[in-house]
Amino acid sequence: MVDLSLHILDVASNAFKANATLVKIDIEEKEEYIHITIEDNGCGMNEEELKKVTNPFFTSRTTRKVGLGIPLFKQTCEQTGGSLTITSEVNVGTCIDAWMNMHSIDAIPLGDIGESIFVLVTNPYDVDVVATIRFKEQEKVQFKLDTREIKIILDGVPFSEPTIMVWLKEYIKSNLS
Amino acid sequence: MKTLEELKKIREEAANKINLRTAKNGYRIVVGMATCGITAGARPVLAAFVDQVAAKHLDNVTVTQVGCIGECAVEPIVEVYDTEGNRTIYAEVHEPDVETIINEHIMGGKVVIEKTIEVIKSKKEEVL
């Protein structure tokens, strides 16, 4: 993956397959580090699965035999001296806690986080998404988006409507810049 | 900066359009968005389809995402379903291909043969 936003999109998408109804993404950007938490209320994993989840040759999928999402993200964090830890409880949910040291030569940029949030928000699985970003620039307003608030406004009009989709895309972009 | 206030207006317009629309469903465009797709560049492809569909006012076309269909080597993969449910699978779809697929297939009803998974995979086999 070339940037963190792709890892975030990839790993947060795991919530869709875990029958979650909500996934919360929190990004804290500092000069020295980026701290990312991705938390869902899905089916969770038992101890045995949790042990295997960082192994690239483990996946719950049937379409292929490898599962690279979490191992790749873990490697990205660890190569900077950071870390990725997972806590999970069956029928409660899963939480990914990732740290990346931004002063490391192996650190990768955050990337187009807006486009990742857009893709997550418009997921066809009706999973709600809450995304918060606290930027390193003091003057920049914190970004917050909660699809549950948007759904109230939309009052039955689906996210998949082309005009709604484009509006959401532009809304996210304009609130991030 | 865009605000949620604006969304209320957009919502009314969208709701009116849904009411006017005929029951007939249009094309469904599905972009593979698992680890394999994301790494190969599926995210900007999905965003480009969304932009094109809105810019060309293709109101009865939906753009959505799906996981991995097991063809990781030729991602990004885009599936197009027509009104009868017939599926065309496109492979190695990148941003410049999006407009071609929209113009020729979605608007013109003609499959873009050279980007279909069958053609892409057979070309790879020739090289090997």
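See the structure above.
This one's a predicted model, so the numbers in the text were calculated from it and none came from an experiment.

Asks: Explain the interface of chain A and chain B to me, please; I cannot follow it from the model alone.
Replies: For interface size, the figure often reported is the accessible area lost on association. Counting from both sides, the interface comprises 42 residues of chain A and, opposite them, 41 residues of chain B. Between chain A and chain B the total buried area reaches about 3500 Å² when both faces are included, carbon and sulfur atoms providing 66% of it. Linking chain A to chain B there are two salt bridges. Lys169 of chain A is paired through a salt bridge with Asp51 of chain B; the nearest N and O atoms lie 2.9 Å apart. Seen at the junction of chain A and chain B, the total is 12 residue pairs in polar contact (both at pLDDT 80 or more). Mapped onto the side of chain A that touches chain B, the elements with two or more residues apiece are α1 (4-12), α2 (14-17), α4 (69-78), α5 (113-121), α6 (147-154) and α7 (162-176) of chain A.

Asks: Is there a simple way to think about the sheet that holds strand β3 (residues 78-81) of chain B in this case?
Replies: Remark on secondary structure: sheet strands pair via backbone hydrogen bonds, oriented parallel or antiparallel. All names here are of chain B. Taken together, four strands build an open sheet; the order of strands is β2-β1-β3-β4 and the sheet is mixed. Both edges of this open sheet fall to β2 (62-66) and β4 (87-90), since each of them pairs with a single strand only. Across the sheet, the mean angle separating the axes of adjacent strands is 20 degrees when strand polarity is ignored. Pairing of β3 with β4 involves four bridges; the strand directions are antiparallel. Bridge pairing in β4 places Val78 opposite Tyr90. Together, β1 (28-32), β2 and β3 form the strand contacts of helix α3 (residues 42-55), whose direction differs from that of β1 by roughly 160 degrees.

Asks: Please explain the pattern of salt bridges as it appears in this structure.
Replies: Proximity of charged atoms lets side chains of opposite charge pair with each other. Counted by the stated rule, this structure contains 16 salt bridges over all chains. Here Asp128 of chain A ties to Lys151 of chain A by a salt bridge, and the two come within 2.9 Å at their closest N and O atoms. Note that Asp128 of chain A is positioned in strand β5 (residues 128-134) and Lys151 of chain A in helix α6, a separation of 23 residues in sequence. Judged by relative accessible area, Asp128 of chain A falls into the buried class, the value being 13%. The shortest N-O distance in the salt bridge between Lys17 of chain B and Asp59 of chain B comes to 3.8 Å. Remark: Asp59 of chain B occurs in the loop between α3 and β2 and Lys17 of chain B occurs in helix α1 (residues 4-20); sequence separation between them is 42 residues. Relative accessible area serves as the criterion here: at 28%, Lys17 of chain B is assigned to the partly exposed category.

Asks: Is there a simple way to think about the packing of aromatic side chains in this case?
Replies: Here a ring pair, both rings aromatic, is described through the centre-centre distance and the interplanar angle of the planes. According to the stated counting rule, one finds three aromatic pairs over all chains in the structure shown. Against the face of Phe135 of chain A rests Lys140 of chain A, its NZ or CZ located 4.2 Å from the ring centre. Above the ring of Tyr81 of chain B, the side-chain terminus of Arg28 of chain B is found at 4.6 Å from the ring centroid.

Asks: Before we go on, may I ask you to explain the nonpolar core in this structure?
Replies: Grouped burial of nonpolar side chains is what soluble globular proteins tend to show. Core analysis: the biggest nonpolar cluster contains 82 residues, and Ile38 of chain A together with Phe49 of chain B have the highest contact counts within it. Discounting residues that sit within four places of it in the chain, Ile38 of chain A has contacts with Ile8, Val11, Ala12, Val23, Lys24, Ile25, Phe73, Thr94, Cys95 and Ile96 of chain A.

Scoring rules and cut-offs
Residues numbered from 1 in each chain as written. Chains lettered and ligands numbered in written order. Predicted model: local features only at pLDDT ≥ 70, side-chain atom pairs only at ≥ 80, totals over all residues. Heavy atoms only, no water. Contact = heavy atoms within 4.5 Å. Buried area = accessible area lost by both parts, 1.4 Å probe. Salt bridge = Lys/Arg side-chain N within 4 Å of Asp/Glu carboxyl O. Polar contact = N/O pair within 3.5 Å; in protein donor to acceptor, adjacent residues only side chain to side chain. Helix = DSSP H or I, 4+ residues; strand = E, 2+ residues; numbered from the N terminus. Pairing = 2+ DSSP bridges. Axes fitted to C-alpha atoms, helices over the stretch in contact; angles between N-to-C directions. Buried < 20%, exposed > 50% of the residue type's maximum accessible area, 1.4 Å probe, protein only. Phe/Tyr/Trp six-rings, centres within 6.5 Å; stacked < 30°, edge-to-face > 60°. Lys NZ or Arg CZ within 6 Å of the ring centre and 35° of its normal. Core = buried A, V, L, I, M, F, W, Y, C linked by side-chain atoms within 4.5 Å.

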